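# Structural overview for review
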Amino acid sequence: MTTPSIPTNPVSTSSSAATRERFHRLASEWKEQSRYLSNTAQMAMLNPYQRIIGMGPPVVPLILEELEREPDQWFWALEAITDENPVPQDAKGKVRLMAQAWIDWGKRLGIDP
């Protein structure tokens, strides 16, 4: 498994406020649009979610922060951005355990949410 090149503190740059604001706006839109969906593939194909993926590595700490606050279906985005999947086989489909696996992965890499 290779280590992704994700800045350890990408939200400390001058554009961090704009990145954080855009992420939270898109995340809110995604949550609103996905509220009644149960299919994770459909949730991941929603425009706000895809735009978050398009923001790239700088949003990884923000997604991890969201997972700590409220576990949700951010796994597709994290895997797409990082090319990683730290979720053990026995945790697949268990949102809280999957969230914890990603949070632990971030901590191992020094990514502070």
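In this report, the structure presented in the accompanying data block is examined. (Residues numbered from 1 in each chain as written. Predicted model: local features only at pLDDT ≥ 70, side-chain atom pairs only at ≥ 80, totals over all residues. Heavy atoms only, no water.)

## Quick word on helix α4 (residues 60-69)
Counting buried residues in α4 gives seven out of ten residues, a clear majority hidden from the surface. When α4 is considered as a whole, its buried residues turn out to be Val60, Pro61, Leu62, Ile63, Leu64, Glu66 and Leu67. Those residues of α4 hidden inside the fold are in contact with α1 (16-34), α3 (47-54), α5 (75-82) and α6 (95-108). (Buried < 20%, exposed > 50% of the residue type's maximum accessible area, 1.4 Å probe, protein only. Helix = DSSP H or I, 4+ residues; strand = E, 2+ residues; numbered from the N terminus. Contact = heavy atoms within 4.5 Å.)

## Quick notes on the packing of aromatic side chains
The tally for this structure, following the rule as stated, stands at five aromatic pairs. For the ring pair Phe23 and Trp74, a centre distance of 5.6 Å and an interplane angle of 40° mean the geometry is tilted. Taken together, the residues Phe23 in helix α1 and Trp74 in the loop between α4 and α5 connect sequence positions 51 residues apart. For the pair Phe23 and Trp74, one class covers both residues: buried. Note on Trp30 and Trp74: the rings are 4.7 Å apart at their centroids and 50° apart in plane angle, and the pair reads as tilted. Of the two residues, Trp30 sits in helix α1 while Trp74 sits in the loop between α4 and α5, which places them 44 residues apart along the sequence. (Phe/Tyr/Trp six-rings, centres within 6.5 Å; stacked < 30°, edge-to-face > 60°.)

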